[in-house]
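Listed below, chain by chain, are the residues.
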Amino acid sequence: MAEEEDDIILSELPDEELVPQMHDDLYDGLKEEIEEGVNILLERGWAPYKILTEALVAGMTIVGKDFRDGILFVPEVLLAANAMKAGMAILKPLLAETGAPRMGKMVIGTVKGDIHDIGKNLVGMMMEGAGFEIIDLGINNPVENYLDAAAREEADIVGMSALLTTTMPYMKVVIDTMVEQGIRDNYIVMVGGAPLNEEFGKAIGADGYCRDAAVAVEMAKDFMSRKHNQMAAG
Amino acid sequence: MTDALSRLFETRDWLLADGATGTNLFNMGLSSGDAPELWNVDAPDKIRALYAGAVDAGSDLFLTNSFGGNASRLKLHDAQNRVGELNRAAAELGREIADKAGHPVVVAGSVGPTGEIMEPMGALSYADAVEMFHEQAEALKEGGADVLWVETISAPEEYKAAAEAAARADMPWCGTMSFDTAGRTMMGVTSAAMVDLVEKLPNPPLAFGANCGVGASDLLRTVLGFAAAGTERALIAKGNAGIPKYVDGHIHYDGTPDLMADYAVLARDCGAKIIGGCCGTTPEHLRAMRAALETRPKGPRPTLDQITAALGAFSSASDGTGEDADAPARTRRRRRG
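The residue numbers shown here count from 1 along each chain, following its written sequence. In the order they appear in the text, chains get letters beginning with A and ligands get numbers beginning with 1. Whole-chain, interface and lining totals are the exception, using all residues; otherwise, since this is a predicted model, local features are given only for residues with pLDDT of at least 70 and side-chain atom pairs are given and counted only at 80 or more.

**Some words on the overall build of chain A**
For step 1, the next point in the chain: Scanning chain A from terminus to terminus reveals nine helices and five strands.
For step 2, the next point in the chain: Seen in sequence order, chain A has helices and strands lined up from the N terminus as α-α-α-α-β-α-β-α-β-α-β-α-β-α.
For step 3, the next point in the chain: The globule rule puts the C-alpha radius of gyration for 234 residues at 17 Å, and the 19 Å found for chain A is close to it.
For step 4, the next point in the chain: Dimensions of chain A along its principal axes, counting C-alpha atoms only, are 60 × 45 × 25 Å.
For step 5, the next point in the chain: In this scheme every C-beta is placed from the backbone, and a residue whose C-beta has 20 or more other C-beta atoms within 10 Å is buried, one with 12 or fewer is exposed, and one in between is partly exposed. The 234 residues of chain A split such that 48% are buried.
For step 6, the next point in the chain: Note on contacts: residues are paired as contacts if their backbone-placed C-beta atoms lie within 7 Å. Contacts in chain A between residues far apart in sequence, at least 24 positions, make up 74% of those at least 6 positions apart. Under the DSSP-based scheme used, a helix requires at least four consecutive residues in state H or I and a strand at least two consecutive residues in state E, with every element numbered from the N terminus. Two things to know: the radius of gyration comes from C-alpha atoms, and the globule rule equals 2.2 Å times the number of residues to the power 0.38.

Encoded structure:
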């Protein structure tokens, strides 16, 4: 950036300027500025959930869109996610105290036979960056790992990743087991991995195929809002 | 003192590298989930067969079975303490097969990514990455590898760390990145940016290029991007045999030997000097590639349209180079000092 401007004192900004500034700071991955912004809004009496949604999640949505559109790449998004997580760390205990709705909880891992985990790690980091709670099962997970963790953690989403053409079919084994046990509808099932496609996701009975981490985040948010609406209606 | 690869470069305009390691090992019964590197010790005859498959099909250079042989990857199999043993064995078996070939064959010690995300985005420090790669490089050298072959890298820092490890091990090296995200690596590196990265290294590689990624078409677009950036260094094209397709419950790569033969010839026309395959490429594909490279004349550099006409469509409209380099940027409202 060529332009030299005066330092901005966050605490001197009115709310309507501070929030967009925090969006910019998230975009730039400025962790300390995000922590400071969150604390200022708390001092000004903002509800933790309002800070989460309006300052942090809204800012990460801009990041996610620019990632999807090829303006930002993984490194920038991870820095933004790290900044978001730092803000989230301040809010988390307060959110629990105030009984705010949670963004959602996801159990994620690579399927049995698959040791390729970088895609899964990226999705996990970006989901955390969007405010989700992530239970990372690591690599090479048999059916039981997914189902036990999903039940124990009361997860909303089960995410499976596979990079190999030989391990992709195992995703169907997990989903079929969920159907057999009558628990399939308790969870949103999202799948991803380089060799997969939309058609494959449908064929094995997943709720969604995530082409990349940005899509995963958007899809998870979309599923969660529908779930919340259903709960409100039901 | 010259190395085996540089000597081959002096007499040859192109070299055929090998095909897939994983695909061929699965065909030999490797069960998914196991570390292929363990076979260097537990099933050495199968690794010999893997290497011999490439050499018999006409490869001038093959990669050792050590792609996941760094401590970070082996840790997933609780074998992080076996880096030296497994990589040494990978290279020793390679040396044995290469020396029996009766003509010069280069043993390239495969070094794959750590699988970790580097600082500041992730947890892996540059120093730790160099150390891990160096540990692996020394073992491959001891086992008799002619060059180190760094592959499927996404992050510039990781590429640099591998380069530094090669320098520490005093080994000549080659290094490819995987351009799998709209013509860029996962970490956003374009073909032009990789040329810039390579030329700024204190110990640049003997050859560099692209491997894996999406399909053969995308890979050649990337090679054209290297050439357009004006590099004089030897280029590597190691593309997948097509794209995996899900058909009737089975998955297979859709690239036929004939398609890979066309790809090989086009890769040479694009300016690649080392041409091979990646995932899905079997000895049958390599034979067709060798025959095509030997019998068909070198042609002019193909256009993008000629590439897609022969090999299929690109996965994305742009690859972030040329006129597209001025990609939309978000205008910053202000910046804090």
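**With respect to the packing of helix H11 (residues 257-270) of chain B against helix H13 (residues 304-311) of chain B**
Residue and element names in this part refer to chain B.
For step 1, the next point in the chain: Here, axes are lines fitted to C-alpha atoms. For helices the fit covers the stretch in contact, and angles between N-to-C directions go from 0 to 180 degrees. For the pair H11 and H13, interaxial distance at closest approach is 10 Å and the crossing angle is 160°. Here H11 is positioned roughly antiparallel relative to H13, judged by the angle of their axes. Considering only the axes of H11 and H13, their crossing is right-handed. Counting all contacts with H11, which are made through Leu-259, Asp-262, Tyr-263 and Leu-266, the residues of H13 involved are Ile-307, Ala-310 and Leu-311.
For step 2, the next point in the chain: All residues other than Ala, Val, Leu, Ile, Met, Phe, Trp, Tyr, Cys, Pro, Asp, Glu, Lys and Arg, Gly among them, are scored as polar; the first ten of these are nonpolar and the last four charged. For the contact of H11 with H13, the per-class residue count stands at six nonpolar, no polar and one charged. To sort the angles, those under 35 degrees are grouped as roughly parallel, those over 145 as roughly antiparallel, those from 65 to 115 as roughly perpendicular, and the leftovers as oblique. Whether a crossing is left-handed or right-handed is set by the direction in which the near helix is turned from the far one by less than a right angle, anticlockwise for left-handed and clockwise for right-handed.

**Side note on unusual backbone geometry**
All names here are of chain B.
For step 1, the next point in the chain: In this model, Glu-119 is joined to Pro-120 through a cis peptide bond whose omega is 0°.
For step 2, the next point in the chain: Within the secondary structure, Pro-120 sits in the loop between strand S3 (106-111) and helix H7 (126-143).
For step 3, the next point in the chain: You will see that Asp-78, though not glycine, has its phi angle at about 55°, which is positive.
For step 4, the next point in the chain: Summarising the element assignment, Asp-78 is placed in the loop between helix H5 (71-74) and helix H6 (83-99).
For step 5, the next point in the chain: For Asp-78, a count of 9 C-beta atoms within 10 Å gives the class exposed.
For step 6, the next point in the chain: One non-glycine residue, Ala-182, lies in positive phi territory at about 50°.
For step 7, the next point in the chain: With respect to the element layout, Ala-182 can be found in the loop between strand S5 (173-177) and helix H9 (191-199).

**Some remarks on the domain arrangement of chain A**
Interface size, as often reported, equals the accessible area lost upon joining of the parts.
All names here are of chain A.
For step 1, the next point in the chain: Per the annotation, domain bounds derive from an automatic or database assignment of domains. You can read the domains of chain A as domain 1 (10-97) and domain 2 (105-233).
For step 2, the next point in the chain: For domain 1 versus domain 2, the distance between C-alpha centres works out to 26 Å.
For step 3, the next point in the chain: Contact with domain 1, which involves 15 residues of that partner, is made by 10 residues of domain 2.
For step 4, the next point in the chain: Every element with two or more residues in the side of domain 1 that touches domain 2 is listed here: helix H3 (48-68) and helix H4 (74-97).
For step 5, the next point in the chain: The leading source of residues in the side of domain 1 that touches domain 2 is H4, at eight residues.
For step 6, the next point in the chain: In terms of residue class, the side of domain 1 that touches domain 2 is built from 12 nonpolar, one polar and two charged.

**Concerning the sheet that holds S5 of chain B**
Residues and elements named next belong to chain B.
For step 1, the next point in the chain: The pairing criterion is simple: DSSP has to find at least two bridges between the two strands. Across the sheet, eight strands lie side by side as S1-S10-S7-S6-S5-S4-S3-S2; this open sheet has parallel pairing. In the strand order of this sheet, the two ends are held by strand S1 (15-16) and strand S2 (61-63), each with one partner.
For step 2, the next point in the chain: Along the sheet face, H11 touches strand S7 (234-239) and strand S10 (272-277) and points at about 160° away from the line of S10.

**With respect to the pairing of strand S3 (residues 157-161) of chain A**
Residue and element names in this part refer to chain A.
For step 1, the next point in the chain: The buried fraction of S3 amounts to five of the five residues, a majority that puts the element mostly inside the structure.
For step 2, the next point in the chain: Residue alternation in S3 divides its side chains into two sets, Ile-157, Gly-159 and Ser-161 and Val-158 and Met-160, and both sets are buried.
For step 3, the next point in the chain: Note: strand S1 (residues 105-110) against S3, five bridges, orientation parallel. Bridge assignment links Gly-109 to a residue of S3, and that residue is Met-160.
For step 4, the next point in the chain: Bridge count for S3 against strand S4 (residues 188-192) is five bridges, and the pairing is parallel. Looking across to S4, one finds that Ile-157 is bridged to Ile-188.
For step 5, the next point in the chain: Whether a crossover is right-handed depends on one test, that the path from the first strand over the helix to the second runs clockwise when the strands point away from the viewer. Handedness of the crossover joining S3 and S4 through helix H7 (residues 170-180) is recorded here as right-handed.

**Some details on the environment of Glu-153 of chain A**
For step 1, the next point in the chain: Within the secondary structure, Glu-153 of chain A sits in the loop between helix H6 (143-152) and S3.
For step 2, the next point in the chain: Between the C-alpha atoms of Glu-153 of chain A and Val-107 of chain A, which are 46 residues apart in sequence, the distance is 8.2 Å.

**A few points about the pairing of S5 of chain B**
Residues and elements named next belong to chain B.
For step 1, the next point in the chain: For S5, the buried fraction is high: five of the five residues fall into the buried class.
For step 2, the next point in the chain: Taking every second residue as pointing to the same face, both faces of S5 are buried, with Trp-173, Gly-175 and Met-177 on one and Cys-174 and Thr-176 on the other.
For step 3, the next point in the chain: Where strand S4 (residues 147-153) and S5 come together, four bridges link them in parallel fashion. Bridge pairing links Ile-153 to Met-177 in S5.
For step 4, the next point in the chain: Handedness of the β-α-β unit built from S4, helix H8 (residues 156-168) and S5 comes out right-handed.
For step 5, the next point in the chain: The sheet contact formed by S5 and strand S6 (residues 207-212) spans four bridges and is parallel. Bridging from a neighbouring strand, Thr-176 pairs with Gly-209 of S6.
For step 6, the next point in the chain: The β-α-β motif built from S5, the intervening H9 and the parallel element S6 has right-handed crossover chirality.

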